[in-house]
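Secondary and tertiary structure notes
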Amino acid sequence: MVFSGPIALAADHGGYALKEAIKAHLTKTGIPFVDFGTDSTASVDYPDYALPACKAVVGGRCAAAILCCGTGVGISMCANKVRGMRACCCSDTFSAEYTRRHNDANALCLGGRVVGEGLACQLVDVFLNTPFEGGRHQERIDKMMALENA
Ligand code: RB5
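Remember, it's a predicted structure, so these values are computed and weren't measured experimentally.

1. A few points about helix α2 (residues 46–58)
Helical periodicity: at 3.6 residues per turn, an α-helix aligns residues three or four positions apart in one direction. The terminal C-alpha atoms of α2, which comprises 13 residues, lie 18 Å apart, in line with the 18 Å expected from a rise of 1.5 Å per residue. Every buried residue belonging to α2 is among Tyr49, Ala50, Ala53, Cys54, Ala56 and Val57, and all of these are buried. Mapping the buried residues of α2 onto a view down its axis gives an arc of 150 degrees, with all of them on the same face. Across from the buried face of α2, at angles greater than 90 degrees, the exposed residues are Asp48 and Lys55. Residues of α2 that are buried sit in contact with β1 (7–11), β3 (64–69) and α3 (73–79). Looking one or two residues beyond α2, the residue adopting positive phi is Gly60, at roughly 95 degrees.

2. Quick notes on the site of the ligand
The ligand sits among Asp12, His13, Tyr46, Cys69, Gly70, Thr71, Gly74 and Arg113. Between an oxygen atom of the ligand and a main-chain N or O atom of Gly70, the distance comes to 2.7 Å. In this structure, Arg113 approaches the ligand through a side-chain N or O atom, which is 3.3 Å from an oxygen atom. Expressed as a share of its isolated accessible area of 290 Å², the protein-covered part of the ligand is 70%. Within the shell around the ligand, the residues separate by chemical class into two nonpolar, four polar and two charged.

3. Describing the pattern of salt bridges
Enumeration over the complete set of coordinates arrives at nine salt bridges. Notably, a salt bridge pairs Glu97 with Arg101, separated by 2.8 Å at the nearest N-O pair. Of this pair, Glu97 and Arg101 are both found in helix α4 (residues 93–101), four residues apart, which corresponds to roughly one turn of the helix. Classification of Glu97 by relative accessible area gives partly exposed; the value is 24%. Look at Arg101 and you get partly exposed, because its relative accessible area is 22%. Counted as one network, the salt bridges with shared partners bring together Lys19, Glu20, Lys23 and Asp35.

4. Regarding the pairing of strand β5 (residues 107–111)
Counting buried residues in β5 gives five out of five residues, a clear majority hidden from the surface. Neither face of β5 is exposed, since Ala107, Cys109 and Gly111 on one face and Leu108 and Leu110 on the opposite face are all buried. Pairing of β3 with β5 involves five bridges; the strand directions are parallel. Pairing of Cys68 across the sheet is with Leu110, part of β5.

5. Looking at unusual backbone geometry
The omega torsion of the bond from Gly37 to Thr38 falls at 0 degrees, within 30 degrees of zero and hence cis. The phi torsion at Asp104 lies on the positive side, around 50 degrees, for a residue other than glycine. Examined against the element boundaries, Asp104 turns out to sit in the loop between α4 and β5.

6. Details of the packing of aromatic side chains
Applying the stated rule across the entire model yields two aromatic pairs. When the ring of Phe94 is compared with that of Tyr98, the centres are 4.5 Å apart and the planes differ by 25 degrees; the resulting orientation is stacked. Taken together, the positions of Phe94 and Tyr98, both in helix α4 and four residues apart, correspond to about one turn of that helix. Tyr98 gets classed as partly exposed once you look at its relative accessible area, which sits at 27%. Note that Arg100 overlies the ring of Phe127, its terminal NZ or CZ placed 6.0 Å from the centroid.

Cut-offs and rules
Residues numbered from 1 in each chain as written. Predicted model: local features only at pLDDT ≥ 70, side-chain atom pairs only at ≥ 80, totals over all residues. Heavy atoms only, no water. Helix = DSSP H or I, 4+ residues; strand = E, 2+ residues; numbered from the N terminus. Expected span 1.5 Å × (residues − 1). Buried < 20%, exposed > 50% of the residue type's maximum accessible area, 1.4 Å probe, protein only. Arc of directions from axis to C-beta. Contact = heavy atoms within 4.5 Å. Near = heavy atom within 4 Å. Polar contact = N/O pair within 3.5 Å; in protein donor to acceptor, adjacent residues only side chain to side chain. Areas by Shrake-Rupley, 256 points an atom, 1.4 Å probe, with all protein chains shown as cover. Nonpolar A, V, L, I, M, F, W, Y, C, P; charged D, E, K, R; others polar. Salt bridge = Lys/Arg side-chain N within 4 Å of Asp/Glu carboxyl O. Pairing = 2+ DSSP bridges. Phe/Tyr/Trp six-rings, centres within 6.5 Å; stacked < 30°, edge-to-face > 60°. Lys NZ or Arg CZ within 6 Å of the ring centre and 35° of its normal.

Written out as structure tokens, the structure reads:
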């Protein structure tokens, strides 16, 4: 794994089952995580679960986040509103790889109603094991993060 520290996990009801599958996968592969909920399929609001997980990342308690909702989209929008977050909603391995290589993404967002558990675990593995390339991409990340003050 390229991240040093536990992975923050969070989901709403639409991503709950996928989060549980990812927890089992991380446990099996020996990757530490912190689970920020939700804890059932009862309806909840995804911003309430995105925020504490993202705060753990930007605050340093966790090294990156994996966030799940029904589509992965709503929770990724929430994550990208937290200063310091670079979240990508992915359902293909090319994007999961290049959002690490080029965007230095620190959150992978997945849709529990979009991807199956097998693909999701493959996306997680690619995301967690792909390094940022730096170089010209770092200059672009610097410009990206400056947009937080635009
Ligand atoms: C909840 O029904 C659903 O809207 C949510 O999980 C997510 O897909 C939003 O983007």
